[in-house]
Amino acid sequence: MNKKAVSRRELLGATTFVGVTAVGALAAPAVLAQAPTVIKMQTSWPASDIWMDFARLYVERVERMSGGRLKFELMPAGTVVGAFQVLDGVNDGVIDAAHTVPVYWYGKHKAASLFGTGPVFGGSATTMLGWFHQGGGKDLYRELTQDIMGLNLYGFYGFPMPAQPFGWFKNPVATVNDVNGLKYRTVGLAADLMQNMGMSVAQLPGGEIVPAMERGVIDAFEFNNPSSDIRFGSQDVAKNYMLSSYHQASESFEFLFNKDVFDDLPEDLQAILEYGVEAASTAITASAMDNYSSDLQKLQAEHGVTVHRTPKEILDAQLKAWDEIIPTLEADAFMKKVLDSQRQWVERVVYYELMNSADLALAYEHYFPGKLKLGK
């Protein structure tokens, strides 16, 4: 005999109805406390990384907004699956949710990198998060993950990351020749970019970077920000920190949820999970500004790190490398559609942003003269 599949929501509803009926017969209160739904969320970050703190900011807000009806079991990378395997874990239902970045599943489809670490046409991470929400990016992401890849999950985006540093080098680099031949850690399309500039690239999770540097597997590396870098111990293996780069200048966090788990929740809890990302985005941004800036000062004052701004020659070379990579990406019809959408958004929005924005460097130099030393 065929039995109709019972969803989690139907099962909870039936259980509640039976319980209330039985208790009502005993003249007890008609409302029973319902056990919270527990979401098993694994991140792609080591337990000590500041991004675990950022994941907690999301979890705390969602639990509070849900009135305790949602609880999270938040786990660092490697607890259930590897840092680069969280997409598979969510898709397969091994974990319910993940806190990650799309570039970590770039190996499954290169288009993943376009949702955070693709070519920089002039838009910041804030600009491109706007593209995701208002410029068609969300629909294109859904097309990629569900229609093209057939994944059983939803993804939401929050926290526009500051542009990532060019990274850590044993010696300062001033020209393209200085980086030619270096063994360098990065991920996603940035690997293609750096290889185009003559580097040999290793794609490693955050927790493996410093040990690889210590063993000589890599000569230089980037991860994301001063706070993560100081916690990794980057300052113990290199003393030259190059800020500013076009390799990953528009990334945001990706919050993944197994589709079955998400769909079985009541609509109000679904909304809390989704829009909690937007609430956490603001909180994470404020925390990042505080921690990243103070940790950059600590790297300089307490660890003898010299902070450089990446020279214009290298930045120009990165843009030219993107020029060579873009046509190869556009050979894929879907990726061309995404890039066309991004260019259209950036051309309109960034024109407004640049024309309207005040020259912040000029104001900073006025009040704090001599500190920037931006160079050429």
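Our subject is the structure that appears above.
The structure contained in this document is the topic of the report that follows. The structure displayed is predicted, hence computed values, not measured ones. (Residues numbered from 1 in each chain as written. Predicted model: local features only at pLDDT ≥ 70, side-chain atom pairs only at ≥ 80, totals over all residues. Heavy atoms only, no water.)

**Let's talk about the pairing of strand 4 (residues 153–160)**
Here comes step 1: For strand 4, a buried count of 8 out of 8 residues is recorded, marking the element as mostly surrounded by other parts of the structure.
Here comes step 2: With 7 bridges connecting them, strand 4 and strand 10 (residues 252–258) associate as antiparallel partners. Counterpart to G158 in the pairing with strand 10 is F253. (Buried < 20%, exposed > 50% of the residue type's maximum accessible area, 1.4 Å probe, protein only. Helix = DSSP H or I, 4+ residues; strand = E, 2+ residues; numbered from the N terminus. Pairing = 2+ DSSP bridges.)

**Some words on the layout of surface pockets**
Here comes step 1: Estimated volume of the second largest pocket: approximately 250 Å³.
Here comes step 2: What lines the second largest pocket is a set of 17 residues, among which K138, R142, G155, F156 and E274 lie closest to the centre.
Here comes step 3: Secondary-structure elements contributing two or more residues to the lining of the second largest pocket are helix 4 (125–134), helix 5 (137–148), strand 4, helix 10 (259–263) and helix 11 (267–303).
Here comes step 4: Residues of the lining of the second largest pocket, tallied by class, amount to 8 nonpolar, 4 polar and 5 charged. (1 Å grid on protein atoms, 1.4 Å probe; cavity = no way out; pocket = protein on both sides within 12 Å on 5 of 7 lines; lining within 4 Å. Points joined across faces, edges and corners; volume = space filled by probe spheres on them. Nonpolar A, V, L, I, M, F, W, Y, C, P; charged D, E, K, R; others polar.)

**Considering the nonpolar core**
Here comes step 1: Residues F54, Y58, F115, F166, F253 and F257 are the most contacted members of the largest nonpolar core, which totals 108 residues.
Here comes step 2: By residue number, the principal contributor to this core is helix 11, which donates 11 residues. (Core = buried A, V, L, I, M, F, W, Y, C linked by side-chain atoms within 4.5 Å.)

**A word on empty space enclosed by the protein**
Here comes step 1: Tallying each qualifying case throughout the model produces 2 cavities of 30 Å³ or more.
Here comes step 2: Empty space within the largest cavity amounts to approximately 150 Å³.
Here comes step 3: Lining of the largest cavity is provided by 18 residues; of these, L114, G116, M128, S250 and Q342 occupy positions nearest its centre.
Here comes step 4: Only helix 4 and helix 13 (333–356) provide two or more residues apiece to the lining of the largest cavity.

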